[in-house]
Amino acid sequence: MESITEEILILVKKKMAEQAAYGRDAYKELVEETIEYFREKGKLTDDDNNEFIKDQLMNMWNTVESEFSKNK
């Protein structure tokens, strides 16, 4: 996994835990929000393929869901 994708995933999981938002829709919303945050901060640019990054993160949903299920 690319480091930027990993950074985004870490922040998304942190936000999920803070907001107790564990559903797929919440995950998707947080992924989109975090990608936009990274764009605003200059960590992602127009040269980055945001859709590809989003797709990678959405493909990790089952893994993320399993992690949170184990921690309950």
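Reading guide: rules and limits
Residues numbered from 1 in each chain as written. Predicted model: local features only at pLDDT ≥ 70, side-chain atom pairs only at ≥ 80, totals over all residues. Heavy atoms only, no water. Helix = DSSP H or I, 4+ residues; strand = E, 2+ residues; numbered from the N terminus. Rg over C-alpha atoms; globule rule 2.2 N^0.38 Å. Buried < 20%, exposed > 50% of the residue type's maximum accessible area, 1.4 Å probe, protein only. pLDDT = per-residue confidence, 0-100.

## Brief notes about the overall build of the protein chain
Item 1. Per the secondary structure count, the protein chain includes 4 helices and 0 strands.
Item 2. In the protein chain, the order of α-helices and β-strands from amino to carboxyl end is α-α-α-α.
Item 3. In terms of overall dimensions, the protein chain is globule-like: its C-alpha atoms have a radius of gyration of 12 Å, near the 11 Å expected for 72 residues.
Item 4. Principal-axis analysis of the C-alpha atoms places the extent of the protein chain at approximately 40 × 20 × 20 Å.
Item 5. A total of 72 residues make up the protein chain; the buried ones form 35% of that total.

## A look at the confidence of the model for the protein chain
Item 1. The predicted model of the protein chain has a mean per-residue pLDDT of 91, with 96% of residues at 70 or higher.
Item 2. Here helix H4 (residues 61-70) stands out as the element of the protein chain with the lowest mean pLDDT, 89, in contrast to helix H2 (residues 24-40), whose mean of 95 is the highest.

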